[in-house]
Amino acid sequence: MPRALRIITFLSLALCAISLTAQEYRYEVGGYVGASSYLGDANRRIPLVPIGATGGGIFRYNHNFRLAFAGEMGYSLLPFDCKYAATDYPQIREIGKTLHGETHLLALQGWAEYNFAHYSDKYRYLQTKSLVPYIGAGLSAGVTLAARQTAFLPGAGLRVGVKYKLRNRLNLVASIQGIYYLSSHLDTPSTQTSWLENPYGMPADWIKGGDSTIALTISITYELGKRSETCHGVDSYPHRQTH
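How each quantity is defined
Residues numbered from 1 in each chain as written. Predicted model: local features only at pLDDT ≥ 70, side-chain atom pairs only at ≥ 80, totals over all residues. Heavy atoms only, no water. Salt bridge = Lys/Arg side-chain N within 4 Å of Asp/Glu carboxyl O. Helix = DSSP H or I, 4+ residues; strand = E, 2+ residues; numbered from the N terminus. Buried < 20%, exposed > 50% of the residue type's maximum accessible area, 1.4 Å probe, protein only. Contact = heavy atoms within 4.5 Å. Polar contact = N/O pair within 3.5 Å; in protein donor to acceptor, adjacent residues only side chain to side chain.

We now examine the pattern of salt bridges. Counting across every chain of the model gives six salt bridges. In this structure, a network of salt bridges that share partners links the residues Glu-28, Arg-60, Glu-72, Glu-113, Arg-159 and Lys-163.

Written out as structure tokens, the structure is:
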């Protein structure tokens, strides 16, 4: 093989390797389940006590081996009990003041995720791994489904976790996440618990008055939308005949 042809072949293969820094499949769809908990005026001491539940659907776009964007629609059951509160509120000694309850939260979330290693079960020459840790940041728009009132809860969150390739196109993801909401309506689902919206009687402050949630989740996703990665230049180059 002439030297010029060898150089062109090498450069073409190198460019093909660079193009494979994207995931083999563009999209993932699946679902998640897990444990969730409320953190606010009625419970600031012990995360995940009392424990609730969460579940929903996931759509993820894999930009490349490292970066992904995910959208989630989920439901959370968030129980609370003032016996876990960091403050002994005088209101709970009064007759008619409810000490515990539960909130139903429907939330739409968007996440940007960064993998700490190239995530794939193929292309080992690119140092990919089937098990990688990741970190994410996102925004949430929630709505409480309460008898007293329906409240809108905008928020932002962080998450950390691991992704594991069970087999080709099938992923198992475990994560822990926390979301801070710019509202204090997670602990006021009924008229009896409405005093928790401002238990100190202080002027409203959107920065200090928010509630939070924490969740441990496990999800399974299936990959769709195979990318078309064509290696141009090698097969189309005419082979020179030598005599």
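Next comes the rest of the description.
A few words now on the environment of Asn-171. Take Asn-171: it is sitting in strand β7 (residues 170-181). Note on Asn-171: relative accessible area 0%, which makes it buried. Taking the C-alpha atoms as reference points, Asn-171 and Ser-219, 48 residues apart in sequence, are found 8.1 Å from one another. Those residues within four positions of Asn-171 in sequence are excluded, and the remaining contacts are Glu-28, Tyr-119, Tyr-164, Lys-165, Leu-166, Ser-219, Ile-220, Thr-221 and Glu-223. Among the polar contacts listed, one links the side chain of Asn-171 to the side chain of Tyr-119, at a separation of 2.7 Å. A distance of 3.2 Å separates polar atoms of two side chains, one belonging to Asn-171 and the other to Glu-223.

Tracing the chain through its elements places Arg-167 in strand β6 (residues 152-167). Residues Arg-167 and Ser-130, 37 residues apart in the sequence, show an inter-C-alpha distance of 9.0 Å.

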